[in-house]
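Listed here are the chains, written in short residue letters.
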Amino acid sequence: MVVDTMQRPLRDLRISITDRCNFRCRYCMPKEIFNREYEFLQRDLLLSFEEITRLTHILTDLGVARVRITGGEPLLRRGVESLVADLAALPLRDLTLTTNGSLLARKAETLADAGLRRVTVSLDSLDQGVFAAMNDVDFPVSDVLAGIDAAASAGLTPIKVNMVVKRGVNSGEILPMAQHFRGTGHIVRFIEFMDVGMSNGWRLDDVVPAQEILDTIAERYPIEPVEPNYTGEVAGRWRYVDGAGEIGVITSISKPFCGDCTRARLSAEGVLYTCLFATGGVDLRAPLRDGSDDAEIAALLRATWENRDDRYSQRRSEATVNLPKVEMSYIGG
Ligand code: SAM
Ligand code: SF4
Ligand code: SF4
(Lines give C-alpha, C1' and ligand atoms only; values in the text may rest on other atoms or scores of the structure.)
(Ligands and ions follow the chains in the order given, each with its own letter.)
Protein backbone atom coordinates (compact mmCIF):
# COMPACT_ATOMS: atom_id res chain seq x y z
CA MET A 1 0.00 0.00 0.00
CA VAL A 2 1.18 3.55 -0.74
CA VAL A 3 0.09 6.91 0.76
CA ASP A 4 0.61 10.49 -0.46
CA THR A 5 1.95 13.54 1.41
CA MET A 6 -1.45 13.93 3.10
CA GLN A 7 -1.62 10.24 4.14
CA ARG A 8 -4.25 9.49 1.50
CA PRO A 9 -3.99 5.92 0.15
CA LEU A 10 -4.34 5.04 -3.53
CA ARG A 11 -7.61 3.12 -3.84
CA ASP A 12 -9.45 4.14 -7.02
CA LEU A 13 -8.46 4.17 -10.65
CA ARG A 14 -10.45 5.81 -13.42
CA ILE A 15 -9.38 4.68 -16.85
CA SER A 16 -10.24 6.76 -19.89
CA ILE A 17 -10.21 4.47 -22.92
CA THR A 18 -11.00 7.08 -25.56
CA ASP A 19 -11.08 10.87 -25.81
CA ARG A 20 -13.84 10.69 -28.45
CA CYS A 21 -17.55 11.05 -27.88
CA ASN A 22 -20.78 11.07 -29.89
CA PHE A 23 -22.24 13.80 -27.63
CA ARG A 24 -21.12 17.41 -27.38
CA CYS A 25 -22.30 18.25 -23.86
CA ARG A 26 -21.91 22.00 -23.45
CA TYR A 27 -20.19 21.57 -20.08
CA CYS A 28 -17.66 19.01 -21.38
CA MET A 29 -17.01 19.06 -25.16
CA PRO A 30 -18.54 22.25 -26.59
CA LYS A 31 -18.94 22.07 -30.37
CA GLU A 32 -17.04 25.28 -31.00
CA ILE A 33 -13.86 23.57 -29.78
CA PHE A 34 -14.49 19.85 -30.32
CA ASN A 35 -15.23 20.24 -34.03
CA ARG A 36 -13.76 18.82 -37.23
CA GLU A 37 -10.48 20.64 -36.71
CA TYR A 38 -9.99 19.23 -33.22
CA GLU A 39 -7.19 16.69 -33.10
CA PHE A 40 -8.28 13.61 -31.22
CA LEU A 41 -5.71 10.98 -30.28
CA GLN A 42 -4.56 8.70 -33.10
CA ARG A 43 -5.09 4.96 -32.67
CA ASP A 44 -1.40 4.07 -32.09
CA LEU A 45 -1.16 6.61 -29.28
CA LEU A 46 -3.91 4.90 -27.28
CA LEU A 47 -2.90 2.34 -24.69
CA SER A 48 -3.85 -1.14 -25.85
CA PHE A 49 -6.12 -3.25 -23.64
CA GLU A 50 -3.08 -5.39 -22.75
CA GLU A 51 -1.18 -2.27 -21.62
CA ILE A 52 -4.14 -1.02 -19.57
CA THR A 53 -4.55 -4.39 -17.91
CA ARG A 54 -0.83 -4.67 -17.13
CA LEU A 55 -0.80 -1.21 -15.51
CA THR A 56 -3.97 -1.89 -13.55
CA HIS A 57 -2.50 -5.13 -12.27
CA ILE A 58 0.61 -3.28 -11.06
CA LEU A 59 -1.62 -0.66 -9.43
CA THR A 60 -3.63 -3.29 -7.53
CA ASP A 61 -0.37 -4.19 -5.78
CA LEU A 62 -0.10 -0.54 -4.66
CA GLY A 63 -3.64 -0.48 -3.27
CA VAL A 64 -6.07 0.10 -6.14
CA ALA A 65 -9.25 -1.86 -5.42
CA ARG A 66 -11.92 -0.01 -7.41
CA VAL A 67 -11.74 0.60 -11.14
CA ARG A 68 -14.04 2.70 -13.31
CA ILE A 69 -13.84 2.68 -17.11
CA THR A 70 -14.70 6.05 -18.63
CA GLY A 71 -13.79 8.53 -21.38
CA GLY A 72 -14.88 10.26 -23.66
CA GLU A 73 -17.58 7.74 -24.37
CA PRO A 74 -16.10 4.36 -23.40
CA LEU A 75 -18.67 2.29 -25.30
CA LEU A 76 -17.41 3.81 -28.56
CA ARG A 77 -14.13 1.92 -28.25
CA ARG A 78 -14.28 -1.33 -30.17
CA GLY A 79 -13.97 -4.47 -28.07
CA VAL A 80 -14.52 -2.75 -24.72
CA GLU A 81 -16.06 -6.03 -23.52
CA SER A 82 -12.70 -7.78 -23.82
CA LEU A 83 -11.05 -5.10 -21.66
CA VAL A 84 -13.82 -5.61 -19.10
CA ALA A 85 -13.13 -9.35 -19.12
CA ASP A 86 -9.37 -8.79 -18.63
CA LEU A 87 -9.92 -6.35 -15.75
CA ALA A 88 -12.57 -8.57 -14.17
CA ALA A 89 -9.88 -11.24 -13.74
CA LEU A 90 -7.84 -8.90 -11.47
CA PRO A 91 -8.30 -8.81 -7.68
CA LEU A 92 -10.70 -5.83 -7.54
CA ARG A 93 -13.52 -5.00 -5.17
CA ASP A 94 -15.43 -3.04 -7.81
CA LEU A 95 -15.42 -2.73 -11.60
CA THR A 96 -17.76 -0.15 -13.08
CA LEU A 97 -18.19 2.00 -16.17
CA THR A 98 -19.57 5.49 -16.80
CA THR A 99 -21.45 6.01 -20.05
CA ASN A 100 -23.77 8.47 -21.74
CA GLY A 101 -26.06 5.50 -22.32
CA SER A 102 -26.33 5.91 -26.08
CA LEU A 103 -25.03 2.39 -26.84
CA LEU A 104 -26.02 0.73 -23.61
CA ALA A 105 -29.23 -0.93 -24.78
CA ARG A 106 -27.10 -2.82 -27.30
CA LYS A 107 -24.16 -3.60 -25.01
CA ALA A 108 -25.47 -4.07 -21.46
CA GLU A 109 -25.83 -7.83 -21.67
CA THR A 110 -22.36 -8.52 -23.12
CA LEU A 111 -20.75 -6.12 -20.64
CA ALA A 112 -22.41 -7.93 -17.74
CA ASP A 113 -21.37 -11.31 -19.20
CA ALA A 114 -17.79 -10.03 -19.45
CA GLY A 115 -17.76 -9.30 -15.72
CA LEU A 116 -18.78 -5.66 -15.36
CA ARG A 117 -20.47 -5.21 -11.99
CA ARG A 118 -22.37 -1.90 -12.33
CA VAL A 119 -22.83 1.12 -14.57
CA THR A 120 -23.28 4.83 -14.07
CA VAL A 121 -25.38 6.46 -16.79
CA SER A 122 -25.29 10.19 -17.40
CA LEU A 123 -28.68 11.80 -18.05
CA ASP A 124 -29.16 15.53 -17.54
CA SER A 125 -32.90 15.78 -18.15
CA LEU A 126 -36.02 13.78 -18.97
CA ASP A 127 -37.30 16.59 -21.15
CA GLN A 128 -36.19 16.19 -24.77
CA GLY A 129 -35.68 19.91 -25.37
CA VAL A 130 -33.65 20.42 -22.21
CA PHE A 131 -31.63 17.22 -22.81
CA ALA A 132 -30.85 18.39 -26.35
CA ALA A 133 -29.65 21.74 -24.99
CA MET A 134 -27.26 19.87 -22.70
CA ASN A 135 -25.85 17.21 -25.11
CA ASP A 136 -26.07 19.44 -28.20
CA VAL A 137 -26.60 16.53 -30.64
CA ASP A 138 -30.35 16.10 -30.07
CA PHE A 139 -29.92 12.57 -28.74
CA PRO A 140 -33.28 11.02 -27.71
CA VAL A 141 -33.95 10.73 -23.96
CA SER A 142 -35.92 7.54 -24.70
CA ASP A 143 -32.78 5.77 -25.99
CA VAL A 144 -30.88 6.55 -22.79
CA LEU A 145 -33.83 5.32 -20.72
CA ALA A 146 -33.84 2.12 -22.80
CA GLY A 147 -30.14 1.76 -22.00
CA ILE A 148 -30.85 2.12 -18.28
CA ASP A 149 -33.59 -0.54 -18.52
CA ALA A 150 -31.26 -2.90 -20.39
CA ALA A 151 -28.56 -2.40 -17.75
CA ALA A 152 -31.07 -3.14 -15.00
CA SER A 153 -32.21 -6.33 -16.77
CA ALA A 154 -28.58 -7.39 -17.17
CA GLY A 155 -28.04 -6.99 -13.41
CA LEU A 156 -25.61 -4.03 -13.63
CA THR A 157 -27.13 -2.66 -10.43
CA PRO A 158 -27.52 -0.51 -8.42
CA ILE A 159 -27.46 1.88 -11.37
CA LYS A 160 -26.35 5.43 -10.72
CA VAL A 161 -27.73 8.20 -12.90
CA ASN A 162 -25.47 11.27 -13.11
CA MET A 163 -27.11 14.64 -13.68
CA VAL A 164 -24.88 17.70 -14.01
CA VAL A 165 -26.96 20.67 -12.88
CA LYS A 166 -26.50 23.97 -14.69
CA ARG A 167 -28.50 26.92 -13.45
CA GLY A 168 -31.12 28.15 -15.86
CA VAL A 169 -30.53 25.25 -18.28
CA ASN A 170 -31.64 22.07 -16.50
CA SER A 171 -32.10 23.24 -12.91
CA GLY A 172 -35.87 22.95 -13.41
CA GLU A 173 -35.35 19.22 -13.99
CA ILE A 174 -34.11 18.41 -10.47
CA LEU A 175 -37.52 17.45 -9.11
CA PRO A 176 -38.75 15.59 -12.24
CA MET A 177 -35.55 13.49 -12.21
CA ALA A 178 -35.93 12.72 -8.50
CA GLN A 179 -39.59 11.85 -9.05
CA HIS A 180 -38.96 9.61 -12.07
CA PHE A 181 -36.29 7.48 -10.42
CA ARG A 182 -37.81 7.28 -6.93
CA GLY A 183 -38.76 3.69 -6.20
CA THR A 184 -36.79 2.20 -9.12
CA GLY A 185 -33.68 1.27 -7.13
CA HIS A 186 -31.60 3.58 -9.37
CA ILE A 187 -29.68 6.34 -7.56
CA VAL A 188 -29.74 9.81 -9.11
CA ARG A 189 -26.59 11.76 -8.33
CA PHE A 190 -26.86 15.50 -8.74
CA ILE A 191 -23.47 16.97 -9.71
CA GLU A 192 -22.42 20.56 -9.24
CA PHE A 193 -21.21 21.95 -12.59
CA MET A 194 -17.43 21.91 -12.29
CA ASP A 195 -14.64 24.08 -13.67
CA VAL A 196 -12.80 21.18 -15.33
CA GLY A 197 -10.76 21.81 -18.46
CA MET A 198 -10.44 25.09 -20.29
CA SER A 199 -13.34 25.07 -22.72
CA ASN A 200 -16.67 24.88 -20.92
CA GLY A 201 -16.97 28.57 -20.05
CA TRP A 202 -17.51 27.77 -16.38
CA ARG A 203 -18.89 30.55 -14.17
CA LEU A 204 -19.71 30.26 -10.49
CA ASP A 205 -23.15 31.76 -11.23
CA ASP A 206 -24.03 28.64 -13.27
CA VAL A 207 -23.48 26.33 -10.28
CA VAL A 208 -26.49 25.23 -8.25
CA PRO A 209 -25.06 24.39 -4.81
CA ALA A 210 -25.93 20.93 -3.49
CA GLN A 211 -27.83 22.40 -0.53
CA GLU A 212 -30.20 24.15 -2.92
CA ILE A 213 -30.69 20.87 -4.83
CA LEU A 214 -31.43 19.01 -1.60
CA ASP A 215 -33.84 21.73 -0.43
CA THR A 216 -35.72 21.52 -3.74
CA ILE A 217 -36.21 17.78 -3.31
CA ALA A 218 -36.85 17.86 0.43
CA GLU A 219 -39.70 20.35 0.02
CA ARG A 220 -41.59 17.64 -1.83
CA TYR A 221 -40.10 14.41 -0.46
CA PRO A 222 -38.53 14.40 3.02
CA ILE A 223 -34.95 13.05 2.95
CA GLU A 224 -32.33 12.16 5.55
CA PRO A 225 -28.55 11.67 5.33
CA VAL A 226 -27.00 8.19 5.03
CA GLU A 227 -23.51 7.17 6.18
CA PRO A 228 -20.95 6.87 3.35
CA ASN A 229 -20.29 3.35 2.00
CA TYR A 230 -16.57 3.92 2.47
CA THR A 231 -14.09 6.73 3.22
CA GLY A 232 -13.49 8.82 0.13
CA GLU A 233 -16.84 8.09 -1.52
CA VAL A 234 -17.48 10.92 -3.95
CA ALA A 235 -21.21 11.47 -3.49
CA GLY A 236 -22.92 12.54 -0.29
CA ARG A 237 -25.74 10.02 0.29
CA TRP A 238 -29.35 10.81 1.20
CA ARG A 239 -32.47 8.64 1.35
CA TYR A 240 -36.17 9.27 1.09
CA VAL A 241 -37.75 9.02 4.52
CA ASP A 242 -40.68 7.05 2.99
CA GLY A 243 -38.30 4.28 1.83
CA ALA A 244 -38.44 5.09 -1.91
CA GLY A 245 -34.65 4.87 -2.26
CA GLU A 246 -31.55 6.98 -2.34
CA ILE A 247 -30.06 10.04 -4.04
CA GLY A 248 -26.56 11.50 -4.04
CA VAL A 249 -25.01 14.95 -4.36
CA ILE A 250 -21.50 15.66 -5.62
CA THR A 251 -20.38 18.85 -3.94
CA SER A 252 -17.03 19.50 -5.56
CA ILE A 253 -17.67 23.26 -5.61
CA SER A 254 -19.67 23.97 -2.44
CA LYS A 255 -18.02 21.40 -0.18
CA PRO A 256 -14.77 20.01 -1.62
CA PHE A 257 -13.73 16.54 -0.53
CA CYS A 258 -9.99 16.51 -1.30
CA GLY A 259 -9.08 15.35 2.22
CA ASP A 260 -10.42 11.87 1.42
CA CYS A 261 -9.51 11.76 -2.28
CA THR A 262 -7.98 8.39 -3.13
CA ARG A 263 -8.40 8.59 -6.93
CA ALA A 264 -5.89 8.38 -9.76
CA ARG A 265 -6.81 8.86 -13.41
CA LEU A 266 -5.27 7.30 -16.47
CA SER A 267 -5.77 9.09 -19.79
CA ALA A 268 -6.40 7.12 -22.96
CA GLU A 269 -2.79 7.70 -24.04
CA GLY A 270 -1.36 6.51 -20.77
CA VAL A 271 -0.72 9.65 -18.74
CA LEU A 272 -1.44 9.23 -15.03
CA TYR A 273 -3.02 12.18 -13.23
CA THR A 274 -3.41 12.40 -9.49
CA CYS A 275 -6.16 15.06 -9.61
CA LEU A 276 -9.11 15.78 -11.91
CA PHE A 277 -7.87 19.35 -12.13
CA ALA A 278 -4.24 18.49 -12.76
CA THR A 279 -2.12 20.62 -15.02
CA GLY A 280 0.25 17.75 -15.80
CA GLY A 281 0.73 14.03 -15.33
CA VAL A 282 3.23 11.18 -15.62
CA ASP A 283 3.67 9.39 -18.93
CA LEU A 284 3.39 5.62 -18.53
CA ARG A 285 3.16 4.70 -22.21
CA ALA A 286 6.90 5.20 -22.72
CA PRO A 287 7.96 2.80 -19.94
CA LEU A 288 5.24 0.35 -21.02
CA ARG A 289 6.71 0.31 -24.52
CA ASP A 290 10.47 0.56 -23.84
CA GLY A 291 10.86 -2.79 -22.14
CA SER A 292 10.66 -1.59 -18.52
CA ASP A 293 9.68 -4.41 -16.21
CA ASP A 294 6.78 -4.37 -13.73
CA ALA A 295 9.05 -3.49 -10.79
CA GLU A 296 10.37 -0.39 -12.58
CA ILE A 297 6.88 0.77 -13.48
CA ALA A 298 5.69 0.09 -9.92
CA ALA A 299 8.56 2.23 -8.57
CA LEU A 300 7.54 5.12 -10.84
CA LEU A 301 3.89 4.82 -9.76
CA ARG A 302 4.83 4.62 -6.09
CA ALA A 303 7.03 7.73 -6.31
CA THR A 304 4.28 9.62 -8.15
CA TRP A 305 1.69 8.86 -5.50
CA GLU A 306 4.09 9.47 -2.60
CA ASN A 307 4.79 12.98 -3.96
CA ARG A 308 1.12 13.81 -4.44
CA ASP A 309 -0.17 16.93 -2.67
CA ASP A 310 -3.20 17.74 -4.88
CA ARG A 311 -6.21 19.43 -3.33
CA TYR A 312 -7.40 21.65 -6.14
CA SER A 313 -11.02 21.96 -5.05
CA GLN A 314 -10.01 23.10 -1.60
CA ARG A 315 -7.58 25.64 -3.00
CA ARG A 316 -9.93 26.82 -5.74
CA SER A 317 -9.33 30.52 -6.20
CA GLU A 318 -8.92 33.02 -9.00
CA ALA A 319 -5.27 32.00 -9.29
CA THR A 320 -5.88 28.29 -9.78
CA VAL A 321 -9.04 28.69 -11.86
CA ASN A 322 -6.89 30.39 -14.48
CA LEU A 323 -4.18 27.71 -14.67
CA PRO A 324 -4.15 25.50 -17.79
CA LYS A 325 -6.06 22.29 -17.03
CA VAL A 326 -6.68 19.13 -19.03
CA GLU A 327 -10.12 18.45 -20.50
CA MET A 328 -12.59 16.08 -18.81
CA SER A 329 -13.12 14.15 -22.05
CA TYR A 330 -9.37 13.46 -22.13
CA ILE A 331 -8.66 12.68 -18.49
CA GLY A 332 -11.94 10.83 -17.85
CA GLY A 333 -14.74 11.94 -15.55
N1 SAM B 1 -19.18 9.96 -21.66
C2 SAM B 1 -19.46 9.31 -20.41
C3 SAM B 1 -20.59 10.01 -19.69
O4 SAM B 1 -20.95 11.12 -20.06
O5 SAM B 1 -21.11 9.42 -18.75
C6 SAM B 1 -18.25 9.21 -19.50
C7 SAM B 1 -17.30 10.37 -19.43
S8 SAM B 1 -17.97 11.86 -18.73
C9 SAM B 1 -16.59 12.96 -18.85
C10 SAM B 1 -18.09 11.42 -17.01
C11 SAM B 1 -19.00 12.27 -16.16
O12 SAM B 1 -18.45 13.56 -16.04
C13 SAM B 1 -20.41 12.45 -16.71
O14 SAM B 1 -21.37 12.05 -15.77
C15 SAM B 1 -20.48 13.92 -16.98
O16 SAM B 1 -21.77 14.40 -16.81
C17 SAM B 1 -19.50 14.49 -16.00
N18 SAM B 1 -19.01 15.82 -16.36
C19 SAM B 1 -18.43 16.21 -17.52
N20 SAM B 1 -18.11 17.52 -17.49
C21 SAM B 1 -18.50 17.98 -16.27
C22 SAM B 1 -18.45 19.25 -15.63
N23 SAM B 1 -17.94 20.32 -16.21
N24 SAM B 1 -18.93 19.34 -14.36
C25 SAM B 1 -19.45 18.25 -13.74
N26 SAM B 1 -19.52 17.03 -14.29
C27 SAM B 1 -19.06 16.90 -15.54
FE1 SF4 C 1 -19.34 12.98 -24.00
FE2 SF4 C 1 -19.64 12.30 -21.48
FE3 SF4 C 1 -18.40 14.59 -22.09
FE4 SF4 C 1 -21.01 14.39 -22.52
S5 SF4 C 1 -19.98 14.29 -20.54
S6 SF4 C 1 -19.49 15.18 -23.97
S7 SF4 C 1 -21.24 12.28 -23.05
S8 SF4 C 1 -17.67 12.56 -22.55
FE1 SF4 D 1 -9.36 14.77 -5.65
FE2 SF4 D 1 -8.33 16.78 -7.06
FE3 SF4 D 1 -10.98 16.50 -6.85
FE4 SF4 D 1 -9.55 17.30 -4.73
S5 SF4 D 1 -9.82 18.40 -6.63
S6 SF4 D 1 -11.18 15.75 -4.75
S7 SF4 D 1 -7.66 16.11 -5.05
S8 SF4 D 1 -9.57 15.06 -7.84
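Refer to the structure printed above.
Residues numbered from 1 in each chain as written. Chains lettered and ligands numbered in written order. Predicted model: local features only at pLDDT ≥ 70, side-chain atom pairs only at ≥ 80, totals over all residues. Heavy atoms only, no water.

Colleague: How would you summarise the packing of aromatic side chains if you had to cite specific residues and measurements?
Modeller: Taken as a whole and assessed by the stated rule, the structure comprises eight aromatic pairs. Taken together, a centroid distance of 4.5 Å and an interplanar angle of 40° make the contact between Phe34 and Tyr38 tilted. Looking at Phe34, the relative accessible area reads 3%, which means it is buried. Seen in terms of ring centroids, Tyr273 and Tyr330 are 6.1 Å apart; in terms of plane orientation they differ by 80°. Their pairing is edge-to-face. One end of the pair, Tyr273, is in strand E11 (residues 271–273); the other, Tyr330, is in helix H12 (residues 328–331), and 57 residues separate them in sequence. (Phe/Tyr/Trp six-rings, centres within 6.5 Å; stacked < 30°, edge-to-face > 60°. Buried < 20%, exposed > 50% of the residue type's maximum accessible area, 1.4 Å probe, protein only. Helix = DSSP H or I, 4+ residues; strand = E, 2+ residues; numbered from the N terminus.)

Colleague: Describe the site of ligand 1, naming the residues involved and giving the relevant values.
Modeller: Close contacts around ligand 1 come from 20 residues, with Gly72, Ser122, Asn162, Met194 and Met328 the closest. The separation between a nitrogen atom of ligand 1 and a polar side-chain atom of Glu73 is 3.2 Å. Taking Met194, its main chain carries an N or O atom lying 2.9 Å from a nitrogen atom of ligand 1. Coverage of ligand 1 by the protein amounts to 95% of the 540 Å² it exposes when considered alone. (Near = heavy atom within 4 Å. Polar contact = N/O pair within 3.5 Å; in protein donor to acceptor, adjacent residues only side chain to side chain. Areas by Shrake-Rupley, 256 points an atom, 1.4 Å probe, with all protein chains shown as cover.)

Colleague: I'd love a proper account of the environment of Trp238, names of residues and values included.
Modeller: In this fold, Trp238 is placed in strand E8 (residues 236–240). Look at Trp238 and you get partly exposed, because its relative accessible area is 21%. Separated by 59 residues in the primary sequence, Trp238 and Ile297 have C-alpha atoms spaced 40 Å apart. Here Trp238 is in contact with Leu214, Ile223, Glu224, Pro225, Val226, Gly245, Glu246, Ile247 and Val249, once residues within four sequence places are set aside. (Contact = heavy atoms within 4.5 Å.)

Colleague: Describe the site of ligand 3, listing the residues and the values that go with them.
Modeller: Close contacts around ligand 3 come from Phe257, Cys258, Cys261, Arg263, Arg265, Cys275, Leu276, Phe277, Arg308, Asp310, Tyr312 and Ser313, and that covers them all. For the shell around ligand 3, the elements supplying multiple residues, two or more each, are strand E10 (263–266) and helix H10 (312–315). Each residue belonging to the shell around ligand 3 can be placed in one class, and the counts come to seven nonpolar, one polar and four charged. (Nonpolar A, V, L, I, M, F, W, Y, C, P; charged D, E, K, R; others polar.)

Colleague: Can you explain helix H7 (residues 210–218)? Please cite residues and give values.
Modeller: Each α-helix turn comprises 3.6 residues. Residues three or four places apart therefore point the same way. Listed in full, the buried residues belonging to H7 are Ala210, Ile213, Leu214 and Ile217. The buried residues of H7 occupy one face: seen down the axis, they fall within an arc of 95°. Contacts made by the buried residues of H7 are with strand E5 (160–165), helix H6 (174–181), strand E6 (187–192), strand E7 (223–226), E8 and strand E9 (246–250). (Arc of directions from axis to C-beta.)

Colleague: Any details on the nonpolar core? Residues and values, ideally.
Modeller: Counting 106 residues, the largest nonpolar core has Leu13, Val119, Phe190, Ile217 and Leu301 as its most contacted members. The dominant element in this core, judged by the number of residues it contributes, is helix H1 (residues 49–62), at six residues. Non-local contacts of Leu13, meaning those with residues more than four positions away in its chain, are made with Thr56, Leu59, Val64, Arg66, Val67, Arg68, Ala264, Leu266 and Leu272. (Core = buried A, V, L, I, M, F, W, Y, C linked by side-chain atoms within 4.5 Å.)

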